[in-house]
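# Coordinate analysis (summary)
Here's the letter readout for the chains.
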Amino acid sequence: AAGTHVPAIVVGSGYGAAVSALRLGQAGVGTLVLEMGRAWTTPGPDGKVFCDMLNPDRRSMWFRDRTEAPVDGVLFLDLANRPIRRWAGVLDRVQFPGMGVYVGRGVGGGSLVNGGMAVVPDRAYFEQVFPTVDADEMYSTWFPLANRALRVNSIPEPWFEGTDHYRYARLSRTLAGRAGYGTRLLPNVYSFEHMMREERGEAPKSALGTEVLYGNNHGKFSLDKGYLAQAVGTGNVTIAPLHRVTRVTRTATGYAITARQITEDGTLVAEKQLTCDHLFLGAGSLGSTELLLRARETGDLPDLPDEVGEGWGPNGNVMAARNNNLHEPTGFKQSAIPVLAITDPVRDVIAEIAPVPAGIETYVSLYLAITRNPNRGRFTYDPAADRLDLQWTRAQAAPSVAAAKGLLDEVNAANGTTYRYDVFGGGKAFADDFCYHPLGGAVLDRVTDGHGRVRGYPNLYVTDGALVPGSLGVNPFVTITALAERNIARVLADDL
Ligand code: FDA
């Protein structure tokens with residue numbers, strides 16, 4: 001309804017947003033969460049909420065005519081990508097020149113689409129990235145809290161060693177070992193108890209049924225099941241899906257926002273004006289930065305810091321594909337949830353062993369490498385197109401490619417194997433033109449104070465991956481969650 005006032009508004013419903021919504025709700029603060037994607041609760045005609053990777057339909061992608069999965073083809077043409085109907089699907093690829101950024105769309109944000117790997121960063125690296133954050137407190141209080149709240153669990157090693165579904169990971173470990181590299185198992189928010197029951201035929205298949213990327217129908221403890229369900233359970237939090245916030249302005253006592261409500265087909269239902277006392281931006285690195293940049297450039301919030309838009313990075317993401325020898329197959333049964341990473345302490349790379357859940361033997365090993373690339377991009381705002389632009393060049397990805405290639409060249413040399421050039425399109429073995437881990441744009445202690453309060457604008461906060469300056473060395477959502485917990489605790493104590 002036009003003119004509605006609520007004490008607190010949270011924009012977005014990913015990790016930072018969900019933490020803020022729950023803690024506000026528990027503190028008795030009436031809170032409205034506005035999320036541009038849909039609530040993923042109602043099954044489609046096939047009885048499933050999400051579609052799988054092998055049979056993508058309109059549920060797969062955010063208003064596209066064709067799916068844009070990162071792996072374009074393996075062995076035969078166009079294994080993965082299909083024509084689809086334009087609809088409010090769960091995965092988006094926001095395309096900038098030289099960089100496609102994958103993000104989740106829906107109540108739960110990235111938690112709906114991601115691989116669930118829940119990794120606490122190396123403490124020394126965390127201290128470099130966040131020199132002003134009390135690391136003792138993070139590692140004794142906020143990381144453990146995030147791990148508990150997200151229900152992080154670890155794969156039982158005997159099962160990992162025995163199951164057909166992780167043969168692909170064990171093979172990559174063997175090949176890396178021949179080159180002198182070690183591996184580590186990574187914790188996850190996907191329930192391994194559930195995955196083991198899937199294998200025994202006692203639970204419906206999700207990770208073992210090629211589900212991830214377009215959502216998991218079972219097994220994964222995503223934010224809609226955790227933080228957000230608990231937030232709504234407080235009785236103080238309401239979630240409005242299919243509401244995209246387009247504008248933020250100031251009122252005498254707080255903030256006003258404009259939100260466009262659409263149907264799942266994309267038809268505009270209403271444009272709403274809402275006011276609040278406290279406004280929390282949790283729309284992710286791209287979404288929160290866009291709202292701030294637009295507000296600064298159009299004069300709605302003219303005094304926002306110059307640093308808005310700065311400090312962006314893809315967390316050093318590069319994907320790579322290798323070809324294995326015919327006598328060393330990866331296995332055609334592959335769990336869609338990655339659990340193992342090759343570690344290269346010299347080059348500072350962790351190469352996560354990603355599945356190729358094609359249902360057939362492909363002899364392909366796929367890696368998502370996280371590298372420590374110091375290069376940063378920056379967002380700008382194009383007023384004519386009313387659009388966020390990203391200043392990032394392929395050349396800036398070069399250190400990431402070099403690090404990943406250094407490691408995998410040695411793996412190839414030790415095993416007499418080669419790269420695969422048919423996986424990412426464009427005939428390249430290393431995909432440096434897309435990422436899963438967008439970070440930065442409203443960096444902590446630059447655009448905000450040390451707890452996410454936007455400088456110059458009281459009661460306006462950034463809660464999400466926009467706070468992280470471009471690189472963490474590991475997958476980011478545990479850190480985003482822990483930082484959000486730390487920040488909202490301070491904000492609730494001091495500002496509300
Ligand atoms: P997040 O992106 O989660 O949420 C932002 C939300 O805001 C979205 O729901 C979006 O629709 C909404 N929004 C944006 N603009 C809006 C607007 N104007 N109005 C209303 N709503 C708006 N990380 C990890 O740690 N382990 C992993 O295994 C993986 N794997 C992985 C796989 C894939 C395919 C992807 C795409 C990503 C990952 N990630 C990951 C990354 C992880 O998912 C990501 O870092 C977090 O989701 C980021 O959390 P945020 O809170 O920053 O925003």
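The structure we're discussing is the one just above.
Here's a quick rundown of the structure.

Definitions and cut-offs
- Residues numbered from 1 in each chain as written.
- Predicted model: local features only at pLDDT ≥ 70, side-chain atom pairs only at ≥ 80, totals over all residues.
- Heavy atoms only, no water.
- Helix = DSSP H or I, 4+ residues; strand = E, 2+ residues; numbered from the N terminus.
- Rg over C-alpha atoms; globule rule 2.2 N^0.38 Å.
- Buried < 20%, exposed > 50% of the residue type's maximum accessible area, 1.4 Å probe, protein only.
- Contact = heavy atoms within 4.5 Å.
- Areas by Shrake-Rupley, 256 points an atom, 1.4 Å probe, with all protein chains shown as cover.
- Lys, Arg positive; Asp, Glu negative; His and termini not counted.
- Charge placed at Lys NZ, Arg CZ, Asp CG, Glu CD.
- Core = buried A, V, L, I, M, F, W, Y, C linked by side-chain atoms within 4.5 Å.
- Salt bridge = Lys/Arg side-chain N within 4 Å of Asp/Glu carboxyl O.
- Phe/Tyr/Trp six-rings, centres within 6.5 Å; stacked < 30°, edge-to-face > 60°.
- Lys NZ or Arg CZ within 6 Å of the ring centre and 35° of its normal.
- Near = heavy atom within 4 Å.
- Polar contact = N/O pair within 3.5 Å; in protein donor to acceptor, adjacent residues only side chain to side chain.
- Pairing = 2+ DSSP bridges.
- 1 Å grid on protein atoms, 1.4 Å probe; cavity = no way out; pocket = protein on both sides within 12 Å on 5 of 7 lines; lining within 4 Å.
- Points joined across faces, edges and corners; volume = space filled by probe spheres on them.

## Concerning the overall build of the protein chain
- If you tally the helices and strands in the protein chain, you get ten helices and 19 strands.
- The C-alpha radius of gyration computed for the protein chain amounts to 22 Å, which stays within 12% of the reference 23 Å derived for 496 residues, consistent with globular compactness.
- Principal-axis analysis of the C-alpha atoms gives the protein chain an extent of 70 × 50 × 45 Å.
- Going through the 496 residues of the protein chain one by one, you find that 61% of them count as buried.
- Counted over contacts in the protein chain with a minimum sequence separation of 6, partners at least 24 positions apart contribute 71%.
- About 17,800 Å² of surface is accessible on the protein chain, with carbon and sulfur atoms providing 52% of the total.
- Of the side chains in the protein chain, 48 bear a positive and 53 a negative charge, and the two mean positions are spaced by 3 Å.

## Some thoughts on the environment of Arg167
- Within the fold, Arg167 resides in helix α5 (residues 167-178).
- Between the C-alpha atom of Arg167 and that of Thr330, which follows or precedes it by 163 residues, the distance is 6.0 Å.
- Among residues more than four places away in sequence, those in contact with Arg167 are Pro329, Thr330 and Gly331.

## Describing the nonpolar core
- Within the largest apolar cluster, 88 residues are counted, with the highest numbers of intra-cluster contacts made by Ile9 and Leu279.
- The residues touching Ile9, leaving out its near neighbours within four places in the chain, are Leu32, Leu34, Ile257, Leu274, Thr275, Cys276, His278, Leu279 and Phe280.
- Formed by 68 residues, the second largest nonpolar core is a distinct cluster that contains Met53, Val318, Ile337 and Ile342.

## Quick word on the pattern of salt bridges
- Overall, the coordinates contain 37 salt bridges when judged by the stated rule.
- With its nearest N and O atoms 2.7 Å apart, the salt bridge here joins Arg347 to Asp344.
- Between Arg453 and Asp449 there is a salt bridge, and its shortest N-O distance comes to 3.0 Å.

## Looking at the packing of aromatic side chains
- If you walk through the whole model with that rule in mind, you get 20 aromatic pairs.
- Taking the centre distance of 6.3 Å and the plane angle of 80° together, the rings of Trp40 and Trp87 count as edge-to-face. Of the two residues, Trp40 is situated in the loop between β2 (31-34) and β3 (91-96) and Trp87 in the loop between β2 and β3; the sequence distance between them amounts to 47 residues.
- According to the relative accessible area criterion, Trp40 is buried, its value standing at 5%.
- Here Trp87 falls in the buried class, since its relative accessible area comes to 4%.
- Where Trp62 meets Phe63, the ring centres are 4.8 Å apart and the plane angle is 80°; that geometry is what we call edge-to-face.
- For Trp62, a relative accessible area of 10% puts it in the buried group.
- By relative accessible area, which is 16% here, Phe63 ends up buried.
- Aromatic ring contacts, followed pair by pair, group Phe96, Trp312, Phe379 and Trp392 into a single cluster.
- Its guanidinium or amino end placed over the ring of Trp40, Arg38 lies 4.4 Å from that ring's centre, counting from NZ or CZ.
- For Arg58, the ring lying beneath its charged end belongs to Trp87, and the centroid distance is 4.2 Å.

## Remarks on the site of the ligand
- In the region of the ligand, 36 residues are neighbours, and Glu35, Met117, Val245, Gly465 and Phe477 sit closest.
- Within the backbone of Tyr15, one N or O atom sits 3.1 Å away from an oxygen atom of the ligand.
- In this structure, Gly110 approaches the ligand through a main-chain N or O atom, which is 2.9 Å from an oxygen atom.
- When isolated, the ligand has an accessible area of 1,000 Å², and the protein chains bury 95% of it.
- For the shell around the ligand, the secondary-structure elements that each account for two or more residues are α1 (15-26), β4 (99-104), β7 (243-250), α8 (284-297) and α10 (477-495).
- Per-element accounting of the shell around the ligand gives the leading share, three residues, to β7.

## Describing the pairing of strand β15 (residues 387-391)
- Looking at chain direction, strand β14 (residues 378-382) and β15 are connected through five bridges and run antiparallel. Bridge pairing in β15 links Phe379 to Leu390.
- From the end of β14 to the start of β15, which pair antiparallel, there are four residues, and Asp386 there has a positive phi angle of about 50°.

## Looking at the layout of surface pockets
- Its boundaries defined by the atoms lining it, the second largest pocket holds a volume of some 170 Å³.
- The wall of the second largest pocket is formed by Asp122, Arg184, Thr343, Asp344, Pro345, Asp348, Val349, Ile350, Ile370, Arg372, Gly473 and Val474.
- Mapped by element, the contributors of at least two residues to the lining of the second largest pocket are β11 (340-344) and β12 (349-354).

## So, the pairing of β11
- For β11, the tally of buried residues reaches four of five residues, placing the bulk of the element in the interior.
- Relative to β11, strand β5 (residues 182-185) runs antiparallel, the two being bridged by four bridges. Counted as the bridge partner of Thr183 is Ile342 from β11.
- Linking β11 back to β12 in an antiparallel pair, the connection comprises four residues, with Asp348 at a positive phi of about 60°.

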